[in-house]
Amino acid sequence: MAPIIAQILLLAMTIVIFSILFTFHFNTPPAPPSVTFLIKSGGSNPVWGDPTDEQAGSYSLLNTTQIIIAATSPSNIPLSSINFAFICNNESVGGNETILVQGSLSAMTWFPGDTSEPAANAPKIGWCASFHAAGFGGGSNSVYYNRLGLFVPLAPGQSVLTTGDTFILYIHNGGYPLDYTDCPGTESQCLDPDDYHGAPPWCFTSQTACTIVLTYTGSPTTVLATIPVYTLAPPQA
């Protein structure tokens, strides 16, 4: 009789142990997202959303570099959870880092030709060391982020990052009338006093001068890319 009771107790204990194992779950942290980018430099794009530009007739196109989304993982990363920051290293002027533009890709979305102004929560242009792009403009649009660049998704209303989405960055290094410093005439013409477009010229003087950082702000917070602006301009002839 005793051996039978012992077997029954052993079986009962085994059932309890398996029940505990099957109801105990391990919560593993989510995998960080990843994004692959393709850089295409040496192109040009129109100066969109620029009604105050007195020189638009002289140069409706500006040199650009395109940062193109080549692949994403997972496939449903919200644009509102991706932060774009254009960071300037101010060591040469004895200061700390400054941020020229910072905002989510959803707030920096623009569909050229379809919308006349940025989104209500669009970021504004700040400082890059001692350079303030808005200071070279006369109209209210001179403070918008699109003086530096704009994010163009494949389709209007799109809310997640998709292969083929493109950030267009205006580049000043291609000679007059596209360049910031190499132009004929008066100093005011060289400084594009109406409304300066693009990355400040000294961003192309060293690898550490200016950096674009793309960050996923969800959980876990992840740096998707750190891109030296110096590498985004084609070599000058």
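Residues numbered from 1 in each chain as written. Predicted model: local features only at pLDDT ≥ 70, side-chain atom pairs only at ≥ 80, totals over all residues. Heavy atoms only, no water.

Peer 1: Would you mind showing me how to read the overall build of the protein chain here?
Peer 2: Within the protein chain, the secondary structure is distributed over two helices and 10 strands. Sequence-ordered secondary structure for the protein chain, helices as α and strands as β, is α-β-β-β-β-β-β-β-β-α-β-β. Put simply, of all contacts in the protein chain between residues at least 6 apart along the chain, 65% involve residues at least 24 apart. By element, 60% of the accessible surface of the protein chain is carried by carbon and sulfur atoms, the whole surface being about 12500 Å². (Helix = DSSP H or I, 4+ residues; strand = E, 2+ residues; numbered from the N terminus. Contact = heavy atoms within 4.5 Å. Areas by Shrake-Rupley, 256 points an atom, 1.4 Å probe, with all protein chains shown as cover.)

Peer 1: Help me out: how do you make sense of the state of the cysteines in this one?
Peer 2: Any covalent bond linking the sulfur atoms of two cysteines counts as a disulfide. Scanning the entire structure with this criterion turns up two disulfides. Disulfide pairing is shown between Cys88 and Cys128; the S-S distance is 2.0 Å. Disulfide Cys88 to Cys128: torsion about the S-S bond roughly -110°, handedness left-handed. Of this pair, Cys88 sits in strand β3 (residues 82–88) while Cys128 sits in strand β5 (residues 127–128), and the two are 40 residues apart along the sequence. Each member of the pair, Cys88 as well as Cys128, is classed as buried. The residue that forms a disulfide with Cys203 is Cys210, at a sulfur-sulfur distance of 2.0 Å. Between Cys203 and Cys210, the S-S dihedral sits near -70°, and the bridge is therefore left-handed. Grouping residues by exposure puts Cys203 and Cys210 together as buried. (Disulfide = S-S within 2.5 Å. Buried < 20%, exposed > 50% of the residue type's maximum accessible area, 1.4 Å probe, protein only.)

Peer 1: Before we go on, may I ask you to explain the confidence of the model for the protein chain in this structure?
Peer 2: Predicted coordinates in regions of low pLDDT should not be interpreted in detail. For the protein chain, mean pLDDT is 74; residues scoring 70 or higher make up 61% of the total. The model gives residues 137–141 a pLDDT under 50, and that stretch makes 10 contacts with residues more than four places away or in other chains. Note that pLDDT drops below 50 for residues 186–191; the model gives that stretch 11 contacts with residues more than four away or on any other chain. (pLDDT = per-residue confidence, 0-100.)

Peer 1: It is not clear to me how the environment of Thr65 should be interpreted in this structure. Could you clarify?
Peer 2: Its place among the elements puts Thr65 in strand β2 (residues 61–73). Overall, Thr65 belongs to the buried group, its relative accessible area being 0%. Distance from Thr65 to Ile168, taken between C-alpha atoms, is 6.0 Å for residues 103 residues apart in sequence. Ignoring sequence-local partners within four residues, the contact set of Thr65 consists of Ile39, Lys40, Ser41, Gly42, Phe167, Ile168, Leu169, Ile171, Leu232 and Ala233. A polar atom in the side chain of Thr65 sits 2.3 Å from the backbone oxygen of Leu232. (Polar contact = N/O pair within 3.5 Å; in protein donor to acceptor, adjacent residues only side chain to side chain.)

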